[in-house]
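Below, each chain spelled out in residue letters.
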Amino acid sequence: MSVLVYAETDQGKLKKSAFEVASYGKAVADMMGTSLSAVTFNAETAEELGTYGVAKAMNISTTAAFDAKVYASGIEAAAEAVGATVIVVSSSADARYLTPLVAMGMAAGYVTNVVAAPEGLSPFTVKRSAFTNKAFTHTEITAEKKIIGVSNNAFGLIEQPTDCAVEDFSPALAAPAVTVEQVDKATDKVTIADAEIVVSGGRGLKGPENWHMIEDLADTLGAATACSKPVSDMGWRPHSEHVGQTGKPVASNLYIAIGVSGAIQHLAGINSSKVKVVINNDPEAPFFKAADYGIVGDAFEVVPQLIEKLKAFKAQG
Amino acid sequence: MKILVCISHVPDTTSKINFVDNDTQFDTNGVQYIINPNDEFGLTRAMWFKEKDGAVVDVINVGGAETESTLRKALAIGADAAIRIDTAALEASQVAKEIATVIAAGGYDLIIAGRESIDYNGGMVPGMIAALMDASYVNNCVGLEISDGKATAIREIDGGKETVSTQLPLVIGAQKGLVEESDLKIPNMRGIMMARKKPLTVQPASAVSPLATTSTYEKPAPKGEVKLVDADKVDDLIDLLHKEAKVI
Ligand SMILES: Cc1cc2nc3c(=O)[nH]c(=O)nc-3n(C[C@H](O)[C@H](O)[C@H](O)COP(=O)(O)OP(=O)(O)OC[C@H]3O[C@@H](n4cnc5c(N)ncnc54)[C@H](O)[C@@H]3O)c2cc1C
């Protein structure tokens, strides 16, 4: 009986979500009175997981590109090696891709979008968001082996420094199921999934030529850029930036919506962001009911001022 | 080519979400049901393969009789036949196992499921089906071409896209981008008439037991009032975000 977390890396570096799943895993391990291990792929500094309570990190080296089947087999082998009965994973696109395979491989009960530490061990019940953030469910994992997918930014980082033993782990891995032909990824931009702050533009911005404002504000804040559905449907911005019920979910610390009306489908996808700011010239826009802070005003006047003042604020440090 | 599209019957995106019976049941009162949007993108791509290559397209749902209107809509959009597995959908692994049984008997080359349903947001059915079939699998699929039994698919990844090639049988998790919004089909009168004559087969469930069960539901706490800042005092907003909200 132990707890295993799958700690993700990007180009060898542990992602923030890796520390969040470690923090979550530590809370579960403490409840169970057991130890916490992690499995990583190609991590250069796996010992950093010790800061969040991981006592042992098993690092698998692979030369191939990410492959769901290959990674799933590595995670299963690690779970077996440490006798894990609970596995904790993040909500990244890759984790969501591979974890169903792990769950079927181990006959484990898998629950996604979990927002808090388990409510109890017996029954093993977790709180998860559903109906695209319009509700929560209390769900019991009845299978003996359990996998928890933690919602981004829902649990946070909790430091619990532990000596972390890093070892090379070389299990027999599955053969890749797909051949990666090409990867197009902007490496210099923060992604919506990983961003602490997201700046989002809607139809109120009138056209793609005005997006420099959104990008400028995002750059000033180190934020990712996003948009409403019609904006991506009209081709002003790529589909990958569309957020909401039928787009990407956003669970950032700060979400700034500019010229977005706040339709129910938009709000559903961004509601788990902690702090929401709206800038809209229509005081009746529904977004004002969902936001924490708001400015009623013309985006073309407010946003340039905001960028200028934020630059000054950042310059002060 | 034989395609199976998994159809989830979900509340319309504008539905008010409420619960009854001491928060143990979803309140269906006044709720309109639709084809899960991610499944509809997948179904629309399947129609493209039908028109271009003469693919046969079946649709499947695991659920009670109340889901048949949604399956009929999929038939009106153009699917050839529908299958309903007659049992309540309780949990992803149970749904995936029921569907895998049909796939094993039906000899499908391509299985399309939505990346996630907009009600339970589990996001695991396509992956679980792939695992059960030991088939190729591409999630968050935003592009798919098939020729000579080989598939080229585009997967949306955090921060970009990845193009992969693979063999059939293939399972994809469909989402927006797989087809253009403007390609989505609203059933016309002829489609609706034809759908009435198409087969909708009800099959008994194979009594799979779920690995997780939901006992109660909860609605988020009501939100406090928005704090308004004057349009010519953006400094105040920066101050609030820094000192009060502590997010910058
Ligand atoms: C099945 C379904 C799924 C959907 N899924 C999604 C989804 O996932 N995500 C999503 O976003 N939408 C979704 N929608 C669409 C949604 O209903 C709205 O149509 C959409 O969110 C509106 O986008 P918007 O706010 O950019 O545009 P609008 O509603 O047109 O709002 C523009 C806003 O800009 C403001 N504005 C105009 N000029 C200015 C100015 N100069 N300065 C400041 N403000 C200004 C206006 O007051 C207005 O409030 C979905 C719809 C359906 C039916």
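It should be noted that the structure appears before, not after, this text.
Residues numbered from 1 in each chain as written. Chains lettered and ligands numbered in written order. Predicted model: local features only at pLDDT ≥ 70, side-chain atom pairs only at ≥ 80, totals over all residues. Heavy atoms only, no water.

Attention shifts here to helix α6 (residues 234-244) of chain B. Here α6(B) has its buried residues at B:Val234, B:Leu237, B:Ile238, B:Leu240 and B:Leu241. Along the axis of α6(B), the buried residues cluster in a sector spanning 160°; they form a single face. Turning to α6(B), the residues buried within the fold contact β16 (254-258), β17 (275-280), β18 (293-296) and α8 (299-316) of chain A together with β15 (227-229) of chain B. Residue B:Lys246 follows α6(B) closely and has a positive phi angle near 55°. (Buried < 20%, exposed > 50% of the residue type's maximum accessible area, 1.4 Å probe, protein only. Helix = DSSP H or I, 4+ residues; strand = E, 2+ residues; numbered from the N terminus. Arc of directions from axis to C-beta. Contact = heavy atoms within 4.5 Å.)

Our focus in this paragraph is the pattern of salt bridges. Close approach of charged atoms allows side chains with opposite charge to pair. In the structure shown here, the tally under the stated rule is 27 salt bridges over all chains. Among the ionic contacts, a cluster of salt bridges with common partners joins A:Lys189, A:Glu215, A:Arg237 and A:Glu241. (Salt bridge = Lys/Arg side-chain N within 4 Å of Asp/Glu carboxyl O.)

Our focus in this paragraph is the packing of aromatic side chains. A complete count under the given rule lists 15 aromatic pairs over all chains for this structure. Ring centres of A:Phe19 and A:Tyr52 lie 4.9 Å apart, and the angle between their planes is 35°; on these two criteria the pair is classed as tilted. With A:Phe19 in helix α1 (residues 16-32) and A:Tyr52 in the loop between β4 (36-41) and β5 (56-60), this residue pair connects regions lying 33 residues apart in the sequence. What makes A:Phe19 buried here is its relative accessible area of 12%. Note on B:Trp48 and B:Phe49: the rings are 5.2 Å apart at their centroids and 80° apart in plane angle, and the pair reads as edge-to-face. (Phe/Tyr/Trp six-rings, centres within 6.5 Å; stacked < 30°, edge-to-face > 60°.)

Strand order in the open sheet made by the 6 strands is β15(A)-β14(A)-β16(A)-β17(A)-β18(A)-β15(B), with parallel pairing throughout. A single partner strand is all that each edge strand has here, and the edge strands are β15 (224-227) of chain A together with β15 of chain B. The average angle at which neighbouring strand axes cross in this sheet is 20°, direction not considered. Relative to β15(A), strand β14 (residues 197-201) of chain A runs parallel, the two being bridged by 4 bridges. Within the sheet, the bridge partner assigned to A:Val198 lies in β15(A) and is A:Ala224. Where α8(A) meets the sheet, it contacts β16, β17 and β18 of chain A, and its direction lies at approximately 130° from that of β17(A). (Pairing = 2+ DSSP bridges. Axes fitted to C-alpha atoms, helices over the stretch in contact; angles between N-to-C directions.)

Around the ligand, a shell composed of 27 residues is seen, among which A:Arg203, A:Ser228, A:Ser261, A:Gln265 and A:His266 lie nearest. More than one chain reaches the ligand: its neighbouring residues belong to chains A and B. The separation between an oxygen atom of the ligand and a polar main-chain atom of A:Gly247 is 3.5 Å. For the ligand, the protein covers 78% of the area, taking 980 Å² as the surface of the free molecule. Where the shell around the ligand is concerned, the elements lending two or more residues are α5 (229-233), α6 (264-270) and α8 of chain A. In terms of residue class, the shell around the ligand is made up of 6 nonpolar, 16 polar and 5 charged. (Near = heavy atom within 4 Å. Polar contact = N/O pair within 3.5 Å; in protein donor to acceptor, adjacent residues only side chain to side chain. Areas by Shrake-Rupley, 256 points an atom, 1.4 Å probe, with all protein chains shown as cover. Nonpolar A, V, L, I, M, F, W, Y, C, P; charged D, E, K, R; others polar.)

Okay, the sheet that holds strand β10 (residues 150-157) of chain B next. Strand order across the open sheet formed by 10 strands is β13(A)-β11(B)-β10(B)-β9(B)-β12(B)-β8(B)-β1(B)-β6(B)-β7(B)-β13(B), with mixed pairing between neighbours. Where the open sheet ends on each side, the last strands, each with one partner, are β13 (179-185) of chain A together with β13 (200-204) of chain B. Each adjacent strand pair in this sheet contributes to an overall mean axis angle of 25°, direction not counted. As paired elements, strand β9 (residues 136-147) of chain B and strand β12 (residues 170-174) of chain B share 4 bridges and run parallel to each other. Looking at β12(B), one finds that B:Val138 is bridged to B:Ile172. Strands β6 (56-62), β7 (81-86) and β13 of chain B of the sheet are contacted by helix α2 (residues 68-77) of chain B, whose axis makes an angle of about 160° with β7(B). In the packing of helix α4 (residues 125-133) of chain B onto the sheet, contacts are made with β1 (2-6), β8 (110-114), β9 and β12 of chain B, and the angle to β12(B) comes to roughly 175°.

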